[in-house]
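Residue strings, one per chain:
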Amino acid sequence: QVQLVESGGGLVQAGGSLRLSCAASGSIFGINTMVWHRQAPEKQREFVAQLTSGGSTYYADSVKGRFTISRDNAKNTMYLQMNSLKPEDTAVYYCGVMGAKPFWGQGTQVTVSS
């Protein structure tokens, strides 16, 4: 069974940066689309970023130009580089792998203070 573990969240001031990591239990990132979602308190879970096995990326309008999704297949790890953070980015961030069955991590908290 695939397992995903997010890390790198924390507290940061507005305008700061964080890099989230998502480590997988197997070599799966090279053949599957991977995504980041987030969920803020009292809000619906929302899509943040996507990276296909072929290297194509797609971002939610709210994070374009500020966030970058990437992967390192050799390390079985995906990343979300978050720059110019805003208080509205505060949420629990989840990584996912979109195969025949989607797999999701437990999430990591990102809090952006003003």
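All of these numbers come straight from a predicted model, not from anything done at the bench.

About the criteria used
Residues take numbers from 1 onward in each chain, read along the sequence in its written order. Two thresholds apply to this predicted model, a pLDDT of at least 70 for residue-level local features and 80 or more for giving and counting side-chain atom pairs, whereas whole-chain, interface and lining totals are computed over all residues. Where side-chain values are given, they derive from all heavy atoms of the structure, hydrogens and water being excluded. In this text, helices come from DSSP runs of H or I with a minimum length of four residues, and strands from runs of E with a minimum of two, each type numbered from the N-terminal end. Whether two residues touch is decided by their heavy atoms; if any such pair falls within 4.5 Å, the residues are in contact. Ring geometry is summarised as follows: Phe, Tyr and Trp rings, the Trp one being its six-membered ring, pair when their centres sit within 6.5 Å, and such pairs are stacked at plane angles under 30 degrees, edge-to-face over 60 and tilted between the two. Ring-over charges, as used throughout, are those where CZ of Arg or NZ of Lys falls within 6 Å of the ring centre and within 35 degrees of the ring normal. Relative accessibility under 20% of the residue-type maximum defines a buried residue, over 50% an exposed one, and the middle range a partly exposed one, all with a 1.4 Å probe and only protein chains included. Note on pairing: DSSP must find at least two bridges between two strands before they are called paired. Among buried residues, the Ala, Val, Leu, Ile, Met, Phe, Trp, Tyr and Cys ones that are joined through side-chain atoms within 4.5 Å form a nonpolar core. The criterion for a disulfide is a pair of cysteine sulfur atoms lying within 2.5 Å.

### A look at the side chain of His-37
Reasoning step 1: With respect to the helices and strands, His-37 occurs in strand 4 (residues 33-39).
Reasoning step 2: Setting aside its immediate chain neighbours within four residues, His-37 contacts Arg-45, Glu-46, Phe-47, Val-48, Val-92, Tyr-93, Tyr-94 and Trp-104.

### Observations regarding the packing of aromatic side chains
Reasoning step 1: Applying the stated criterion across every chain yields a total of one aromatic pair.
Reasoning step 2: Positioned above the aromatic ring of Trp-104, the side-chain terminus of Arg-45 is 4.2 Å from the ring centre.

### Some thoughts on the pairing of strand 9 (residues 91-98)
Reasoning step 1: For strand 9, a buried count of six out of eight residues is recorded, marking the element as mostly surrounded by other parts of the structure.
Reasoning step 2: Of the strand pairs in this sheet, strand 4 and strand 9 are connected by seven bridges, and their pairing is antiparallel. Among the inter-strand pairings, Thr-33 is bridged to a residue of strand 9, identified as Met-98.
Reasoning step 3: Of the strand pairs in this sheet, strand 9 and strand 11 (residues 108-113) are connected by three bridges, and their pairing is antiparallel.

### Points about the nonpolar core
Proteins that are soluble and globular tend to have nonpolar side chains buried together.
Reasoning step 1: Counting 28 residues, the largest nonpolar core has Trp-36, Val-48, Phe-67, Ile-69, Leu-80, Met-82 and Tyr-93 as its most contacted members.
Reasoning step 2: At the level of elements, strand 3 (18-24), strand 4, strand 5 (46-51), strand 7 (67-72), strand 8 (77-82), strand 9 and strand 11 are the ones that each hand at least two residues to this core.
Reasoning step 3: For Met-82, the contacting residues outside a window of four places in its chain are Gly-16, Ser-17, Leu-18, Leu-20, Arg-66, Phe-67, Tyr-93 and Val-110.

### A few points about the environment of Met-34
Reasoning step 1: Relative to the helices and strands, Met-34 resides in strand 4.
Reasoning step 2: Between the C-alpha atom of Met-34 and that of Ser-70, which follows or precedes it by 36 residues, the distance is 9.2 Å.

### Focus on the state of the cysteines
Reasoning step 1: This model, assessed by the stated rule, comprises one disulfide.
Reasoning step 2: Shown here is the disulfide that connects Cys-22 with Cys-95, its sulfur atoms set 1.9 Å apart. Between Cys-22 and Cys-95, the S-S dihedral sits near 60°, and the bridge is therefore right-handed. With Cys-22 in strand 3 and Cys-95 in strand 9, this pair connects stretches of sequence that are 73 residues apart. Note on accessibility: Cys-22 and Cys-95 belong to one class, buried.

By themselves, these are just geometric observations and shouldn't be taken as functional.
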